[in-house]
Amino acid sequence: MTVSWQARELTVGDLAERSGVPSSALRFYERQGLIRSRRTSGNQRRFSRDTLRRVAFIRVAQRVGIPLSRVKDVLALLPEERTPNREDWARVSAWWRDDLTDRIEHLQRLRDNLTECIGCGCLSIDRCALANPCDSLGDEGPGARRLLSP
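Residues numbered from 1 in each chain as written. Predicted model: local features only at pLDDT ≥ 70, side-chain atom pairs only at ≥ 80, totals over all residues. Heavy atoms only, no water.

1. What about the overall build of the chain?
Stage number 1. Helix and strand counts for the chain stand at seven helices and three strands.
Stage number 2. Counting across all 150 residues of the chain, residues that qualify as buried make up 29%.
Stage number 3. Sequence-distant contacts, at least 24 apart, represent 49% of the contacts inside the chain between residues at least 6 apart.
Stage number 4. As displayed, the chain offers around 10000 Å² of accessible surface, 51% of which is attributable to carbon and sulfur atoms. (Helix = DSSP H or I, 4+ residues; strand = E, 2+ residues; numbered from the N terminus. Buried < 20%, exposed > 50% of the residue type's maximum accessible area, 1.4 Å probe, protein only. Contact = heavy atoms within 4.5 Å. Areas by Shrake-Rupley, 256 points an atom, 1.4 Å probe, with all protein chains shown as cover.)

2. Details of the sheet that holds strand β3 (residues 45–48)
Stage number 1. Strand order in this open sheet of three strands is β1-β3-β2, and the pairing throughout is antiparallel. Both edges of this open sheet fall to β1 (9–10) and β2 (38–39), since each of them pairs with a single strand only.
Stage number 2. Pairing analysis gives two bridges linking β1 to β3, with the strands arranged antiparallel. From the neighbouring strand, L10 faces β3, where its bridge partner is F47. (Pairing = 2+ DSSP bridges.)

3. Examining the pattern of salt bridges
Stage number 1. The full count for this structure, using the stated rule, is seven salt bridges.
Stage number 2. Ionic pairing is found between E9 and R38, a salt bridge with its closest N-O pair at 2.7 Å. Here E9, found in strand β1, pairs with R38, found in strand β2; they are 29 residues apart in sequence, far enough to count as distant.
Stage number 3. One salt bridge in this structure joins R45 and E30, with 2.5 Å as the shortest N-O distance. Pair noted here: R45 is in strand β3 and E30 is in helix α2 (residues 23–31), with a separation of 15 residues, a long-range link. (Salt bridge = Lys/Arg side-chain N within 4 Å of Asp/Glu carboxyl O.)

4. Some details on the packing of helix α3 (residues 51–63) against helix α4 (residues 68–75)
Stage number 1. Look at α3 against α4: their axes get within 10 Å of each other, and the N-to-C directions meet at 145 degrees. Like other packed secondary-structure pairs, α3 and α4 cross with a definite hand, here right-handed. From α3, R54, F57, I58, A61 and Q62 reach across to α4, where they touch L68, V71, V74 and L75.
Stage number 2. Looking at the contact of α3 with α4 residue by residue, the class counts come to seven nonpolar, one polar and one charged. (Axes fitted to C-alpha atoms, helices over the stretch in contact; angles between N-to-C directions. Left-handed = near helix turned anticlockwise from the far one by under 90°. Nonpolar A, V, L, I, M, F, W, Y, C, P; charged D, E, K, R; others polar.)

5. Description of the nonpolar core
Stage number 1. With 24 residues, the main nonpolar core has L15, L26, I35, F57, V71 and L75 as its most contacted residues.
Stage number 2. Elements with a contribution of two residues or more to this core: α1 (12–19), α2, α3, α4 and α5 (86–113).
Stage number 3. The greatest single-element share of this core, amounting to five residues, is contributed by α3.
Stage number 4. With residues up to four places along the chain from it excluded, the contact list for L26 reads V12, L15, A16, S19, V21, I35 and V55. (Core = buried A, V, L, I, M, F, W, Y, C linked by side-chain atoms within 4.5 Å.)

6. A closer look at the layout of surface pockets
Stage number 1. There is about 320 Å³ of room inside the largest pocket.
Stage number 2. Where the lining of the largest pocket is concerned, the elements lending two or more residues are β3 and α3.
Stage number 3. Per element, the largest residue contribution to the lining of the largest pocket is three residues, and it comes from β3.
Stage number 4. Class assignment of the residues belonging to the lining of the largest pocket gives a composition of four nonpolar, five polar and nine charged. (1 Å grid on protein atoms, 1.4 Å probe; cavity = no way out; pocket = protein on both sides within 12 Å on 5 of 7 lines; lining within 4 Å. Points joined across faces, edges and corners; volume = space filled by probe spheres on them.)

7. Observations regarding the packing of α4 against α5
Stage number 1. Between α4 and α5, the shortest axis-to-axis distance is 10 Å and the interhelical angle comes to 145 degrees. Remark: the crossing between α4 and α5 carries right-handed chirality. Residue-level inspection shows R70, V71, D73, V74 and L75 of α4 in contact with α5, the latter providing W89, V92, W95, W96 and D99.
Stage number 2. Of the residues that constitute the contact of α4 with α5, the class distribution is seven nonpolar, no polar and three charged.

Structural data, given as structure tokens:
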């Protein structure tokens, strides 16, 4: 069954079908405060149609590794009393831009330097002895020091 484009509210099954997200995940998102529903007199969930965009936003953020706690912070910028408009989403986008830029830079550093010494202490790559003699980067703290630094 296809969800009607005229439906103003969606059941959890409708939302799952149209978004491609399992009902169990939608209920989890609701428990985490990422999406909201109202309850019918029969205690069934009803989601406003704009929840589809929120769910899509959540899924894309998850796919690129953004923690749900950060997603929740961003979604909190959107109005709950009405359907978010273009300006609302522009505000979210601006808030999100710096975080995404930092993540992109980190991923590029990972991509470009993984075949070099990353300062993790393994000393298994021939260049580690020069770049990290005697695991000197371990004095700075745990983890891959060259990938973790800004």
